[in-house]
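Structural description and commentary
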Amino acid sequence: AQSVAQPEDQVNVAEGNPLTVKCTYSVSGNPYLFWYVQYPNRGLQFLLKYITGDNLVKGSYGFEAEFNKSQTSFHLKKPSALVSDSALYFCAAAKGTGFQKLVFGTGTRLLVSP
Amino acid sequence: DAGITQSPRHKVTETGTPVTLRCHQTENHRYMYWYRQDPGHGLRLIHYSYGVKDTDKGEVSDGYSVSRSKTEDFLLTLESATSSQTSVYFCAISLGEAGGNEQYFGPGTRLTVT
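Along each chain, residue indices are assigned from 1 in the same order as the chain's sequence is written. Whichever chain is written first becomes A and whichever ligand is written first becomes 1, with later ones labelled in order. Given that this is a predicted model, residues contribute local features only at a pLDDT of at least 70 and side-chain atom pairs are listed and counted only at 80 or more, while totals for whole chains, interfaces and linings are drawn from all residues. Side-chain metrics rest on all non-hydrogen atoms present in the structure, leaving aside hydrogens and water.

Considerations on the overall build of chain B
Quick note on the threshold: Helix and strand assignments follow DSSP, with helices taken as H or I runs no shorter than four residues and strands as E runs no shorter than two, numbered in order from the N terminus. Radius of gyration: C-alpha atoms only; globule rule: 2.2 Å multiplied by the number of residues to the exponent 0.38. Whether a residue is buried, partly exposed or exposed follows from its accessible area with a 1.4 Å probe, protein chains only, as a fraction of its type maximum: under 20%, in between, or over 50%, in that order. Contacts were defined at the residue level, with two residues in contact if any of their heavy atoms lie within 4.5 Å. Note that accessible areas follow from Shrake-Rupley with a 1.4 Å probe, and for residues the cover is restricted to the protein chains shown. Only four residue types enter the charge count: Lys and Arg as positive, Asp and Glu as negative, with His and the chain ends excluded. In plain terms, the charge of a residue is placed at NZ if it is Lys, CZ if Arg, CG if Asp and CD if Glu.
A tally of helices and strands in chain B yields zero helices and eleven strands. Listing each helix as α and each strand as β along chain B from the N terminus yields β-β-β-β-β-β-β-β-β-β-β. Over its C-alpha atoms chain B spans a radius of gyration of 13 Å, differing by no more than 12% from the 13 Å that the globule rule assigns to 114 residues. Considering only C-alpha atoms, chain B reaches an extent of 40 × 30 × 25 Å along its principal axes. Scored against the burial criterion, the 114 residues of chain B give a buried share of 52%. Counting contacts in chain B only where the partners sit at least 6 residues apart, residues at least 24 apart contribute 54% of the total. As displayed, chain B has an accessible area near 5100 Å², and 48% of this comes from carbon and sulfur atoms. In chain B, 11 side chains carry a positive charge and 13 a negative one; their mean positions are 4 Å apart.

Description of the environment of Lys57(B)
Note on placement: Lys57(B) falls in strand 6 (residues 54-57). For Lys57(B) and Leu45(B), which are twelve residues apart along the polypeptide, the C-alpha to C-alpha distance reads 8.2 Å. For Lys57(B), the residues in contact, after removing those within four places along its chain, are Lys101(A), Ile46(B), His47(B) and Tyr48(B).

Some points on the environment of Gln2(A)
Residue and element names in this part refer to chain A. Which entries qualify depends on this criterion: Polar contacts here mean pairs of N or O atoms no more than 3.5 Å apart (in protein, one a potential hydrogen donor and the other a potential acceptor; neighbouring residues in sequence count only if both atoms are side-chain atoms).
Looking at the secondary structure, you find Gln2 in the segment before strand 1 (3-5). Assessed through its relative accessible area of 23%, Gln2 is described here as partly exposed. Residues Gln2 and Ser26, 24 residues apart in the sequence, show an inter-C-alpha distance of 5.4 Å. Setting aside residues no more than four positions away along its own chain, Gln2 makes contact with Ser26, Val27, Ala93, Ala94, Lys95, Lys101 and Val103. Polar side-chain contacts of Gln2 include one of 3.4 Å to the backbone oxygen of Ala93.

Quick word on the interface of chain A and chain B
Using the following cut-off: In this description, buried area is defined as the sum, over both parts, of the accessible area (probe of 1.4 Å) that is lost when the two are combined. Salt bridge, as applied in this entry: a Lys or Arg side-chain nitrogen positioned within 4 Å of an Asp or Glu carboxyl oxygen.
Listed by partner, the interface residues are 23 residues for chain A and 26 residues for chain B. Summing both sides of the interface, chain A and chain B together bury roughly 1800 Å²; the carbon and sulfur share of this comes to 56%. Connecting chain A to chain B are one salt bridge. Residue Glu102(B) is joined to Lys49(A) by a salt bridge in which the shortest nitrogen-to-oxygen separation is 2.7 Å. Scanning the region where chain A abuts chain B turns up three residue pairs in polar contact (both at pLDDT 80 or more).

Observations concerning the packing of aromatic side chains
We apply this condition: Centre distance within 6.5 Å is the pairing criterion for rings of Phe, Tyr and Trp, where only the six-membered ring of Trp is used; planes under 30 degrees apart are then read as stacked, over 60 as edge-to-face, and the remainder as tilted. To sit over a ring, a charge needs its Lys NZ or Arg CZ within 6 Å of the ring centre and within 35 degrees of the ring normal.
A complete count under the given rule lists 16 aromatic pairs over all chains for this structure. Ring centres of Tyr50(A) and Phe74(A) lie 6.5 Å apart, and the angle between their planes is 55°; this geometry places the pair in the tilted category. One end of the pair, Tyr50(A), is in strand 6 (residues 44-50); the other, Phe74(A), is in strand 9 (residues 73-78), and 24 residues separate them in sequence. Each member of the pair, Tyr50(A) as well as Phe74(A), carries the same accessibility label: buried. Through a chain of ring-to-ring contacts, the aromatic side chains of Phe34(A), Tyr36(A), Phe46(A), Phe90(A), Phe104(A), Tyr33(B), Tyr35(B) and Phe105(B) assemble into a single cluster. Over the ring of Phe63(A) we find Lys78(A), and its NZ or CZ is 5.0 Å from the ring centre.

Quick word on the pattern of salt bridges
The tally for this structure, following the rule as stated, stands at eight salt bridges over all chains. The salt bridge partner of Lys77(A) is Glu66(A), with a shortest N-O separation of 3.4 Å. Of this pair, Lys77(A) sits in strand 9 while Glu66(A) sits in strand 8 (residues 64-68), and the two are eleven residues apart along the sequence. For Lys77(A), a relative accessible area of 28% puts it in the partly exposed group. Residue Asp73(B) is joined to Lys70(B) by a salt bridge in which the shortest nitrogen-to-oxygen separation is 3.4 Å.

These results come straight from atomic positions and should not be treated as a statement about function.
As structure tokens, this is what we get:
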């Protein structure tokens with residue numbers, strides 16, 4: 001069965017510092033991988049996705065993610081964090097074939113301090 | 001936000017009563033989903049639809065039913081609400097069947113079962 005793990009419940013980083021939010025996945029075959037962000041009392045917003053090709057994927061708001069097949073990871077990164085990046089981040093995975101049913105991780109709360 | 005609305009946005013109901021949540025989209029997307037969000041679980045798929053009158057179960061479908069009589073509306077019904085169904089419910093759409101299509105989420109419905 002597919003699964004996604006986000007090992008950190010919370011990540012704390014100072015504004016201006018680089019940030020990393022970790023995600024590992026277990027999907028048979030080639031995975032499709034996604035990152036979503038959720039601000040308080042809002043629905044999830046799509047940030048970026050990996051389908052195929054370049055292992056470094058760039059997305060919205062200056063975020064990027066690196067796909068590492070050997071480590072089955074898809075970590076979210078940003079070179080310089082902003083206070084406004086504080087939110088709940090979800091990693092999700094789908095099988096590379098067939099109808100898309102996403103499996104989500106449990107979420108990581110990012111707190112960026114001024 | 002892909003033109004997705006959910007109603008009601010908040011609801012408090014008593015154990016044993018039926019509850020129907022509505023998801024409405026304005027852009028004629030074929031694929032629609034219902035998720036629930038709970039702390040420590042991330043988002044879990046309840047049911048999904050791949051067309052009018054075409055629906056299928058997700059991973060946590062027990063106690064829930066859905067209907068889709070029009071492309072734009074996807075209804076989620078709790079036949080007899082229980083306290084374990086207290087949650088935040090999100091509707092989503094995707095732009096296509098292929099696994100590489102990201103999903104877009106509505107604003108959510110916060111349901112409390114007392």
